[in-house]
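For reference, the chains in residue letters:
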Amino acid sequence: MMNKKNILITGSTKGIGLEIAKHFASDFNVFITARKEIELEKLCKQYNFAGYYACDLSLTDGAERLFRELNKDFDILINNAGMYIYNPIENMRPVDTVNSIVLNSLTPYELIKRVVPYMKKQKWGRIINIGSISGVMGEAYASVYSMTKASLIGLTKSLALELAQDNITVNIINPGWVDTDLINNENLEETFSKQEIIETIPQKRFVTPDEIASMCEYLISDKAKTITGQSINICAGLSLGY
Ligand SMILES: NC(=O)c1ccc[n+]([C@@H]2O[C@H](COP(=O)([O-])OP(=O)(O)OC[C@H]3O[C@@H](n4cnc5c(N)ncnc54)[C@H](OP(=O)(O)O)[C@@H]3O)[C@@H](O)[C@H]2O)c1
């Protein structure tokens, strides 16, 4: 029997990340991470995940600590953890700006840096970044979020080129609105109700975490081995305009 591949998914205790982890639980050694240790421990037992480590990835040493503690080689990395701030630029607190940049942008870069040596050695690897449609288009009052998610597109394309000959693919999925805790955001809720958000979406529906997980499943499969450097919008038509 073939050994199961190791997959690391950040931000995997709820929302999109947990759904991706659940999709892969039976065929892969799934490693999960987020800040709440009790939640990680509970989910690990519940879904038979291979391991977890609790850490704050909005800290600049988060990626390094995560790697040191898990002490594993990863065949697949899914950079999913992210934070969303909805605020006019002049009201942004420096701490939120810096945390957003580290969590959404720098940590994915630092994690990729740590998985690549093993992937290169074995001449196989899959890296998926979870961006946002706000990084493809603009989003008023989410400038730092949009900035960090746009940076992931540049990172994805550059690394896809750099790693193409090592049989490592790097892609980014840009979700539109998904009904998770990320959008249960005080500032956003003061401005828009869920129904008002739905009215802005061409298909008049949220994207589901399951639809993002299914795309991840496809991208790591052998069928998708020639798909690399792609920025894939799963957004119910949101990127097309109103
Ligand atoms: N929901 C949407 O509409 C939407 C749209 C486009 C893109 N996305 C992107 O999709 C990804 C997942 O979003 P989601 O909607 O599933 O979010 P979510 O439901 O809020 O889940 C976020 C996950 O990340 C973890 N996390 C948050 N801050 C962290 C930190 N500082 N360090 C480590 N882990 C942290 C959370 O656990 P802890 O709180 O325990 O740390 C949780 O497991 C994000 O990158 C987001 O930008 C979401």
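Look a little higher up for the structure.
Residues numbered from 1 in each chain as written. Predicted model: local features only at pLDDT ≥ 70, side-chain atom pairs only at ≥ 80, totals over all residues. Heavy atoms only, no water.

Caption draft 1: Region of interest: the sheet that holds strand S5 (residues 125-130). The seven strands lie next to each other as S3-S2-S1-S4-S5-S6-S7, forming an open sheet whose pairing is parallel. With one partner strand each, in any of the chains shown, strand S3 (51-54) and strand S7 (231-234) form the two edges of the open sheet. If you compare each strand with its neighbour and ignore which way they point, the axes differ by 15 degrees on average. Bridge analysis of strand S4 (residues 76-79) against S5 gives four bridges, and the strand direction is parallel. In the sheet register, asparagine 79 faces S5, and the bridge partner there is asparagine 129. (Pairing = 2+ DSSP bridges. Helix = DSSP H or I, 4+ residues; strand = E, 2+ residues; numbered from the N terminus. Axes fitted to C-alpha atoms, helices over the stretch in contact; angles between N-to-C directions.)

Caption draft 2: Seen up close, the side chain of threonine 148. Counting through the fold element by element, threonine 148 comes out in helix H6 (residues 143-163). For threonine 148, a relative accessible area of 2% gives the class buried. For threonine 148, the side chain forms a polar contact with the side chain of asparagine 104, separated by 3.2 Å. Those residues in contact with threonine 148 that lie beyond four places of it in its chain are Ser100, Ile101, Asn104 and Ser105. (Buried < 20%, exposed > 50% of the residue type's maximum accessible area, 1.4 Å probe, protein only. Polar contact = N/O pair within 3.5 Å; in protein donor to acceptor, adjacent residues only side chain to side chain. Contact = heavy atoms within 4.5 Å.)

Caption draft 3: Structural context of H6. If you check H6, its first and last C-alpha atoms are 30 Å apart, about what 21 residues at 1.5 Å a residue would give, namely 30 Å. Listing the buried residues of H6 in full gives Val144, Tyr145, Ser146, Thr148, Lys149, Leu152, Ile153, Leu155, Thr156, Leu159, Ala160 and Leu163. Close packing links the buried residues of H6 with helix H4 (94-122), S5, helix H5 (133-136), strand S6 (168-175) and S7. (Expected span 1.5 Å × (residues − 1).)

Caption draft 4: Representation of the pattern of salt bridges within the structure. Under the criterion given, the structure shown has 13 salt bridges. In this structure, arginine 68 and glutamate 64 form a salt bridge, with 3.4 Å as the shortest nitrogen-oxygen distance. Placement of both arginine 68 and glutamate 64 in helix H3 (residues 62-70) is noted, with a separation of four residues, approximately one turn of the helix. Between aspartate 222 and lysine 225 there is a salt bridge, and its shortest N-O distance comes to 3.6 Å. Residue classification places aspartate 222 among the exposed positions, given a relative accessible area of 52%. Residue class for lysine 225 comes out partly exposed when judged on its relative accessible area of 46%. Each of Glu110, Lys113 and Arg114 takes part in one network of salt bridges that share partners. (Salt bridge = Lys/Arg side-chain N within 4 Å of Asp/Glu carboxyl O.)

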